[in-house]
Number of protein chains: 2
Amino acid sequence: MSTPAPTEATLRRRLQPEERRQKIVDGAVAFFADVGLDGKTRDLARRLGVTQSLLFNYFASKETLIEAVYEQVYLNRLSDDWPRRLTDRSRPLRARLLDFYAEYSRLIFEYDWMRIFMFSGLAGAELNRRYLDHLGSVILTPLLDEIAVASQSRRVPQMEDLWNLHGGIVYIGIRQHIYRMPCPDDPSQAIERAVDRFLAAFDAG
Amino acid sequence: MSTPAPTEATLRRRLQPEERRQKIVDGAVAFFADVGLDGKTRDLARRLGVTQSLLFNYFASKETLIEAVYEQVYLNRLSDDWPRRLTDRSRPLRARLLDFYAEYSRLIFEYDWMRIFMFSGLAGAELNRRYLDHLGSVILTPLLDEIAVASQSRRVPQMEDLWNLHGGIVYIGIRQHIYRMPCPDDPSQAIERAVDRFLAAFDAG
DNA sequence: TCTCTTATTGATCATATGATCTATAAATCG
DNA sequence: CGATTTATAGATCATATGATCAATAAGAGA
């Protein structure tokens, strides 16, 4: 009797620590996005085809693992040259706004991001507030100026108006990934229309 | 030695079953809104000043209790005469819309509702989809017609546009109760401006 | 005031869960 | 190939958790 031929499932594959760690983080992102941050380490391990104890070889605690998940998900989410591009008055404001929300929506209308952002927000993570504060000061506040400048009327937007524009767009992703409602395959039309309505209201189109 | 004087904490108060049940449901709503549906029965019991085992005297399982929470929270959330009031063309469309979102926002911009709706959405509860389907067919779809009729131009809104209006408004509550961001004390100004921008875009003001 | 009903408690069970530690075997190097 | 390193597995621990049930005492009625 020889040992049973190792099947794909039972095969013990020995990876380089860095590679394994990355596989764990990637799997954890997908896993916690599905079931929430209360997901159990045993379930995650099963999904990774790995022992539960292995996780603790790479992360001191579940909390540490979740921090790595945050880092992976939040990293580079908001390209830092947008403030410059949004205020580049050599281009029409409309084009700048559409560019921004085209790229931004591509980034955030993603299952993992959307759900982990929501889960961590509900859990009270400071990270969310920091992220939204950042968004407000780095994107929306400059936009306030740009619109005021581009405006042909004396109407001036308020910060709340920009949050409204933003929220209406983000809500597409919420409907899609949080509530799993049927949504347009390509949201860019809806976004374009929302941006146009917004600019028209301030004669800034 | 007499028995120790029963303090407020240890006092065993005997309530009528209906009253106790209601107290448990109310407490459960607040509790699960805070910590999520994975909240532990022992923590809930402690908050209620009651034994954990008592919960299972009133609810066969934690799942049953959560269903009661859903029922309590979702109940009567959307008054069923809104379809009629929204299509009452004897009044200006703007007034109808503002009335609706004034009342609607008062209902949903509430800590418990907002968070339990989000928690249950993330958990994949069918209830959320049903609720939003209902909202779409009973509120937004009729509005589509109303706007088309009131429009002075040939521009016609699409369903996605109405979801955009709706989402932009709902997002105020999300910022406030999910992300705990500073928000306007009274959202009615922001709502009014959003509605006006929307109607203006279709010359339906 | 006494009795009886039953709302509530306290102890307990079975399982789940995060975490630890030692044994095993896959890769690496001479 | 053989020795060595160490990534991975498997067994296990302490505690947490949903759920059960017999014991207790609060309140209602006689």
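Quick caveat, the model's predicted, so the values are computed rather than measured.

(A) Highlighting the protein's contact with DNA strand C. The environment of DNA strand C is made up of 24 residues, and the closest members are T41(A), T51(B), S53(B), N57(B) and Y58(B). In DNA strand C, atoms within 4 Å of the protein come from the sugar-phosphate backbone in 57% of cases. In this structure, a phosphate oxygen belonging to DNA strand C sits 2.7 Å away from a main-chain N or O atom of K62(A). Within the side chain of S53(B), a nitrogen or oxygen atom sits 2.7 Å from a base oxygen of DNA strand C.

(B) The packing of aromatic side chains, seen in detail. Tallied over the full model, the rule gives 28 aromatic pairs over all chains. Taking 5.2 Å as the distance between ring centres and 55° as the angle between the ring planes, the aromatic pair formed by F198(B) and F202(B) counts as tilted. We note that F198(B), like F202(B), is buried. Put simply, the rings of Y70(A), Y74(A), W113(A), F117(A), Y131(A) and Y179(B) touch in pairs and so form one group of aromatic residues. The side chain of R85(A) reaches across the aromatic face of W82(A), ending 3.9 Å from its centre.

(C) Quick look at the protein's contact with DNA strand D. Among the 24 residues in the neighbourhood of DNA strand D, the closest are listed as R12(A), T51(A), N57(A), Y58(A) and K62(B). Within 4 Å of the protein, the contacting atoms of DNA strand D are drawn from sugar and phosphate to the extent of 58%. Contacts to DNA strand D include R14(A), whose side-chain N or O atom sits 3.0 Å from a base oxygen. Between L15(A) and DNA strand D, the recorded distance is 2.9 Å, taken from a backbone N or O atom to a phosphate oxygen. Where the surface near DNA strand D is concerned, the elements lending two or more residues are α1 (17-35) and α3 (52-58) of chain A together with α2 (41-48) and α3 (52-58) of chain B. Per-element tally for the surface near DNA strand D: the top contributor is α3(A), with 4 residues.

About the thresholds
- Residues numbered from 1 in each chain as written.
- Chains lettered and ligands numbered in written order.
- Predicted model: local features only at pLDDT ≥ 70, side-chain atom pairs only at ≥ 80, totals over all residues.
- Heavy atoms only, no water.
- Near = heavy atom within 4 Å.
- Polar contact = N/O pair within 3.5 Å; in protein donor to acceptor, adjacent residues only side chain to side chain.
- Phe/Tyr/Trp six-rings, centres within 6.5 Å; stacked < 30°, edge-to-face > 60°.
- Buried < 20%, exposed > 50% of the residue type's maximum accessible area, 1.4 Å probe, protein only.
- Lys NZ or Arg CZ within 6 Å of the ring centre and 35° of its normal.
- Helix = DSSP H or I, 4+ residues; strand = E, 2+ residues; numbered from the N terminus.

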